[in-house]
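Here are the chains, one letter per residue:
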Amino acid sequence: MSFPSTFRFLPLPTEIHFGPGVLSTLPERIRALGGGPSLLVTDAGMRAAGFVDRIESLLGEAGLACRVYDAVTPDSGTSLIAEATALAKQAGAAVIIGLGGGSSLDTAKAVAAMCTNPGNILDYAGIDKLKHKPLPVVAIPTAAGTGSEVTYWSVFLDDQTRVKAAVGGVLLFPAVALCDPELTLTLPPSLTAATGMDALGHAIECYVNDACQPISAALALEAIRLIGRHLRSAVLNGRRIESRSAMLLASTMAGIAMNSTRLGLAHAFAMPLGSFDLRMPHGLAIGITLPYVMRFNAPARPERYAEIAAAVGEPISGLPLREAAVRAAESVAALAQDIGIPARLSQAGMREEHIEPVAAEAIKSGNVAVNPRRATLEDLKAILKEAL
Ligand SMILES: [Fe+2]
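Residues numbered from 1 in each chain as written. Predicted model: local features only at pLDDT ≥ 70, side-chain atom pairs only at ≥ 80, totals over all residues. Heavy atoms only, no water.

Chemist: Would you take a moment to explain the nonpolar core for this structure?
Modeler: Counting residues in each nonpolar core, the largest one holds 83 residues, and the members touching the most others are Ile224 and Phe269. Element by element, the count of residues in this core is highest for helix α7 (residues 214-236), at eleven residues. Summarising the domain contributions, this core has at least three residues from each of domain 1 (15-184) and domain 2 (189-387). In terms of nonpolar packing, the next biggest core, distinct from the first, is built from 33 residues, Leu87, Ala112, Met114 and Tyr152 among them. (Core = buried A, V, L, I, M, F, W, Y, C linked by side-chain atoms within 4.5 Å. Buried < 20%, exposed > 50% of the residue type's maximum accessible area, 1.4 Å probe, protein only. Helix = DSSP H or I, 4+ residues; strand = E, 2+ residues; numbered from the N terminus. Domains from an automatic or database assignment.)

The following block contains the structure:
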């Protein structure tokens, strides 16, 4: 592990409650935030799974008013955020509850921000642009992936351009993260696989990048270990609470780690891959591109990649450093294959003509600047071509 002489680690203002059954403490959390009416931001799948009814009865029995917005779509959207914000204002919401995967949690954060800031969410694209403190958010993840419950980002689709945009900053941290692994037990294998690869992408890209410091590194490496040990069983036998708990813990730890570091090329690619007519799900984009990015990056930080290989359970003892580093990429590719992630972007809808626009958009990402190996536009195109 390297020890930079100076570094910055952001505070985490989010109170984390973790463990099977912590959802039942939601009324206490709302009261601790001052009570008042809340708006639950979620998607139709959560209602079908019975989670919305459960939360409505939990809050109803506690005498806490709650309205529901259950029309969040994958990657959300600017008009959807405006619609949910109007409902929050109409309901006089004092707390926003986000329930679901990254799209629902990110939408909840955006709605909380737009309840107290004028204009359109796009006015605040970038970092630290919000003028006023958002309403408090209680984030309840039902997938182990984005880490949105402890991050300061909200990612959504610009409905006009069909390109993904992000609003970030310390004001966007949820007030409370209720991490209840029981809520992830029924997540289907394909979504468990894609979201799990997203969490692994966060941990690996954080661990190797130029902005990583010892505190994020410790969190990220432990997240890699947990994912290496538990992602296969979480996908192949989703009812195993031990695997589900380990995955949720890992995604939350990786989320905390990456706030201070940003990520790398896989995440630079994932934004445009999720845009245009492609609309590739984020976790899938990460799962496919991560091994290719790791092969490109490994020579720049071989010690770190060798540590990753060991952390995911690859036997590397006695191997030359360079070979051990390459094993990290191969072991992640094998993990992705075992859990049903396609090996190529073309299997997820990408075509040759997408390479130019995806690379052109990816090179603008702040994640490129901290990637451990300097990458030009030509490098990005070459990686995409190889992954196609
Ligand atoms: Fe991600």
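Chemist: Would you mind going over a nonpolar patch on the surface with me for this structure?
Modeler: A grouping of Ile16, Phe18 and Leu249 is seen on the molecular surface, where their side chains present a nonpolar patch of about 210 Å² in accessible area. Judged by relative accessible area, Leu249 falls into the partly exposed class, the value being 34%. (Patch = residues over 30% accessible without salt bridge, like charges linked within 9 Å, V, L, I, M, F, W, Y side chains within 5 Å. Areas by Shrake-Rupley, 256 points an atom, 1.4 Å probe, with all protein chains shown as cover. Salt bridge = Lys/Arg side-chain N within 4 Å of Asp/Glu carboxyl O.)

Chemist: Can you walk me through the packing of aromatic side chains in this structure?
Modeler: For any pair of aromatic rings, the description rests on two quantities: the centre-to-centre distance and the angle between the ring planes. All told, the structure shown has two aromatic pairs when counted by the stated rule. On the numbers, 5.5 Å between centres and 50° between planes, the contact of Tyr152 with Phe173 is tilted. Highlighted residues: Tyr152 in the loop between β6 (137-141) and β7 (153-158) and Phe173 in the loop between β8 (163-168) and β9 (176-179), separated in sequence by 21 residues. The positively charged end of Arg295 is found above the aromatic ring belonging to Tyr292, 5.3 Å away from the centroid. The side chain of Arg373 reaches across the aromatic face of Phe296, ending 4.0 Å from its centre. (Phe/Tyr/Trp six-rings, centres within 6.5 Å; stacked < 30°, edge-to-face > 60°. Lys NZ or Arg CZ within 6 Å of the ring centre and 35° of its normal.)

Chemist: Sorry, what's going on with the side chain of Thr107 here?
Modeler: Along the chain, Thr107 turns up in helix α5 (residues 102-114). Sequence-distant contacts of Thr107, defined by excluding residues within four places in its chain, comprise Val41, Val72, Ser76, Leu80 and Ile81. (Contact = heavy atoms within 4.5 Å.)

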